[in-house]
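# Notes for the structure review
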Amino acid sequence: GLKIATIGGGSSYTPELVEGFIKRYNELPVKELWLVDIEEGKEKLEIVGDLAKRMVEKAGIPIDIYLTLDREEALKEADFVTTQFRVGLLDARAKDERIPLKYGVIGQETNGPGGLFKALRTIPVILDICREMERLCPNAWLINFTNPAGMVTEAVLRYSNIEKVVGLCNVPIGMEMGIAKLLSVEHSRVRIDFAGLNHMVYGLDVYLDGISVKDKVIDLLTDPRNSSFVKNIQGLGWEPAFLKALNALPCPYHMYYYKTRDMLEKDLKNAETEGTRAEVVQKLEKELFELYKDPNLNVKPPQLEKRGGAYYSDAAVRLITSIYTDKRDIQPVNTRNNGAIASIPDDSAVEVSCVITKDGPKPMAMGDLPVAVRGLVQQIKSFEKVAIEAAVTGDYNTALLALIINPLVPSDTVAKQILDEMLEAHKQYLPQF
Ligand code: NAD
Ligand code: G6P
Ligand code: MN
Ligand code: MN
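Quantities reported herein were computed from a predicted structural model and do not represent experimental measurements.

### Digging into the overall build of the protein chain
Across its full length, the protein chain carries 16 helices and 12 strands. Taking 433 residues into account, the globule formula puts the C-alpha radius of gyration at 22 Å, and the protein chain, at 20 Å, falls close to it. Once the C-alpha set of the protein chain is aligned to its principal axes, its extents read approximately 55 × 55 × 45 Å. The buried share among the 433 residues of the protein chain stands at 60%. Across the protein chain, the fraction of contacts at a sequence separation of at least 24, relative to all contacts at a separation of at least 6, is 71%. Total accessible area computed for the protein chain in this model is approximately 17200 Å², and 49% of it derives from carbon and sulfur atoms. The positive charge centre, built from 52 side chains, and the negative charge centre, built from 61, are 2 Å apart in the protein chain.

What follows is the structure in structure tokens.
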């Protein structure tokens, strides 16, 4: 049987993952699931861990679940390591979202200044985990879900000796499932050719039973109710003429780039009323953990689908299963480009449709990105590279440069003001600065 170690096991998403392991147990014989957290997350770990134990027991599946604060014990001889931790928890995310808004800049978990700071907090921790993996489970696969997932993947590829790393996001699978629903067909009949970066991915084409239905799908996406596929980005639609001209499927995060002012206005209004997304999620999380505490609950509660990461288990467990069984099916993941997208360097992490083998994801050739989107994708890749360098070196000027070249930041002076305030606000989690 397999040993899985999940870092950030106290996450409210853990029941998703456990449900995934239960559903695929026939193909993927997990013997041990180790949920790891830190002192601050101990209570959450216990609540969600107890629910996980009830879930496997109710399903009659012999997976042993271990809860621990000792990461090394969990990593020892693991076959797969999954990461879903959040350095600084949701309080840090709320600062990422609120501080930029004061300067008239988008405040978001993975984009703009918030994305930079989540990377600065997270990358040192993931590189620590990689060094431990080298010693304790050198053959394990690292399946990273921790955001910013694309930058975290690239940091591991560039700055660690771990090569078996895959970054995962639920947006591509969410788009496929959402489009299947709009077409009233089974998910398995729909496939999208994905190419781009994490939260900057485009569907270059979309097929139903192997035949392109791109025009029809673009028509469907012009309805504002169909414009996004994640719970955390809702309410605004696309200009139909824009989608037709683009002739590709944007992901929901593109709204921050193509509708910057409208998104900013919406987020400013939300921040004053219901709170930023992190603040909304803090309430949601409290409700979820109250449910999780119920000793009679022994399945994943449907309320979890209010979180943006819904269906993450499908993506994660499907990926692990295909690596383990050498399934060679197609899944969109974050991996080393290796020439799949012609306009991006070979050694950069990209989000792209891949054939999943026992040797990992093999990206499918996508050719050049359309000229209308190529520049933006390259610009974000440059931002990511500079941001990762700042996270590794702790160099102030490098962090400032990252922020200034980010398309969501309008001025060097504003960038410096935001950087200074955020460095101070997060200093507890930024030992490298
Ligand atoms: P959360 O705030 O519940 O944090 C998860 C757990 O991580 C907490 O229990 C916390 O105590 C723990 N933690 C913090 N620092 C840690 C460390 N150094 N080592 C081990 N554990 C640590 O977060 P969440 O809302 O469940 O999200 C978890 C992560 O998954 C976030 O990074 C989030 O951005 C990411 N996420 C990614 C996607 C995606 O598409 N890739 C989707 C949803 C969420
Ligand atoms: C999305 C993204 C994630 C993001 C999350 C936010 O679907 O793919 O990368 O972190 O959902 O969800 P939340 O419920 O925390 O706002
Ligand atoms: Mn130890
Ligand atoms: Mn994501």
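Structure shown, so let's carry the discussion forward.
### Some thoughts on the nonpolar core
F21, I143, I179, L249 and Y292 are the most contacted members of the largest nonpolar core, which totals 95 residues. Those residues in contact with F21 that sit more than four places away from it in its chain are I4, L28, V30, L33, I63, V317 and I320. If you look at the next biggest cluster of nonpolar residues, it comprises 51 residues, including V81, V165, A402 and V409.

### Here's the deal with the site of ligand 2
With respect to spatial proximity, 16 residues lie near ligand 2, and among them N147, N170, R277, R307 and G308 are the closest. In this structure, E109 approaches ligand 2 through a side-chain N or O atom, which is 2.8 Å from an oxygen atom. Here an oxygen atom of ligand 2 sits 2.5 Å away from a polar atom, N or O, in the side chain of N170. When the free accessible area of ligand 2 is taken as 390 Å², the share hidden by the protein chains comes to 95%. Of all the elements in the fold, those that place two or more residues in the shell around ligand 2 are α7 (170-182) and α12 (277-293). For the shell around ligand 2, the per-class residue count stands at 6 nonpolar, 6 polar and 4 charged.

### Some words on the site of ligand 1
Lining the immediate environment of ligand 1, one finds 27 residues, of which S11, D37, K44, E109 and R307 sit closest. Between ligand 1 and the protein, one listed contact pairs an oxygen atom with a side-chain N or O atom of N147 at 3.0 Å. In isolation ligand 1 has 860 Å² of accessible area, and contact with the protein removes 95% of it. Considered class by class, the residues forming the shell around ligand 1 number 10 nonpolar, 10 polar and 7 charged.

### A look at helix α4 (residues 89-102)
Along α4, the positions that sit buried rather than exposed are L90, A92, R93, A94, D96, E97, I99, P100 and L101. Next to the buried residues of α4 lie α5 (112-136), α11 (260-272), α12 and α16 (412-425). One or two positions beyond α4, positive phi appears at G104, with a value near 75°.

### A look at the coordination of the manganese ion (ligand 4)
Octahedral six-donor coordination of a metal ideally yields angles of 90 or 180 degrees, compared with 109.5 degrees for tetrahedral four-donor coordination. Coordination of the manganese ion (ligand 4) by the protein involves C169 (SG) and H199 (NE2), with metal-donor separations of 2.2 to 2.3 Å. One end of the pair, C169, is in the loop between β6 (165-167) and α7; the other, H199, is in the loop between β7 (190-197) and β8 (200-208), with 30 residues separating them in the sequence. The same class applies to C169 as to H199, namely buried.

### Some remarks on the side chain of T82
Considering the arrangement of structural elements, one finds T82 in strand β4 (residues 80-83). At 2.9 Å, the side chain of T82 and the side chain of T6 are in polar contact. If we ignore the near neighbours within four places in the chain, the residues touching T82 are I4, A5, T6, I7, L17, I143 and I320.

### Topic: helix α2 (residues 42-59)
The first and last C-alpha atoms of α2 sit 26 Å apart over 18 residues, in line with the 26 Å expected at 1.5 Å per residue. Among all positions of α2, only L45, I47, V48, G49, L51, A52, R54, M55 and V56 are buried. Those residues of α2 that are buried are in contact with α1 (14-23), β2 (30-36), β3 (64-68) and α12.

### Quick word on the packing of aromatic side chains
For the coordinates displayed, the defined rule picks out 9 aromatic pairs. Seen from their ring centres, Y13 and F145 are 6.1 Å apart, and the 85° between their planes marks the pair as edge-to-face. With Y13 in the loop between β1 (2-7) and α1 and F145 in the loop between β5 (141-144) and α6 (149-159), the pair connects residues that are 132 residues apart, well separated along the chain. Overall, the relative accessible area of 14% leaves F145 in the buried class.

### Considering the pattern of salt bridges
Enumeration over the complete set of coordinates arrives at 33 salt bridges. Ionic pairing is found between K31 and D64, a salt bridge with its closest N-O pair at 2.9 Å. Residue K31 is found in strand β2, and its partner D64 is found in strand β3; the two are separated by 33 residues along the sequence. When the shortest N-O distance is used, the salt bridge between R131 and D128 registers 2.9 Å. Here D128 and R131 lie together in helix α5, a separation of 3 residues that amounts to about one turn.

### Examining unusual backbone geometry
In this structure, P148 follows N147 across a cis peptide bond, with omega equal to -10°. Positionally, P148 belongs in the loop between β5 and α6. One non-glycine residue, S184, adopts positive backbone phi at about 55°. Structurally, S184 is set in the loop between α7 and β7.

The rules behind these values
- Residues numbered from 1 in each chain as written.
- Chains lettered and ligands numbered in written order.
- Predicted model: local features only at pLDDT ≥ 70, side-chain atom pairs only at ≥ 80, totals over all residues.
- Heavy atoms only, no water.
- Helix = DSSP H or I, 4+ residues; strand = E, 2+ residues; numbered from the N terminus.
- Rg over C-alpha atoms; globule rule 2.2 N^0.38 Å.
- Buried < 20%, exposed > 50% of the residue type's maximum accessible area, 1.4 Å probe, protein only.
- Contact = heavy atoms within 4.5 Å.
- Areas by Shrake-Rupley, 256 points an atom, 1.4 Å probe, with all protein chains shown as cover.
- Lys, Arg positive; Asp, Glu negative; His and termini not counted.
- Charge placed at Lys NZ, Arg CZ, Asp CG, Glu CD.
- Core = buried A, V, L, I, M, F, W, Y, C linked by side-chain atoms within 4.5 Å.
- Near = heavy atom within 4 Å.
- Polar contact = N/O pair within 3.5 Å; in protein donor to acceptor, adjacent residues only side chain to side chain.
- Nonpolar A, V, L, I, M, F, W, Y, C, P; charged D, E, K, R; others polar.
- Donors = N, O, S within 2.8 Å, 3.2 Å for Na, K, Ca; no water.
- Expected span 1.5 Å × (residues − 1).
- Phe/Tyr/Trp six-rings, centres within 6.5 Å; stacked < 30°, edge-to-face > 60°.
- Salt bridge = Lys/Arg side-chain N within 4 Å of Asp/Glu carboxyl O.

Just distances and angles here, no functional claims.
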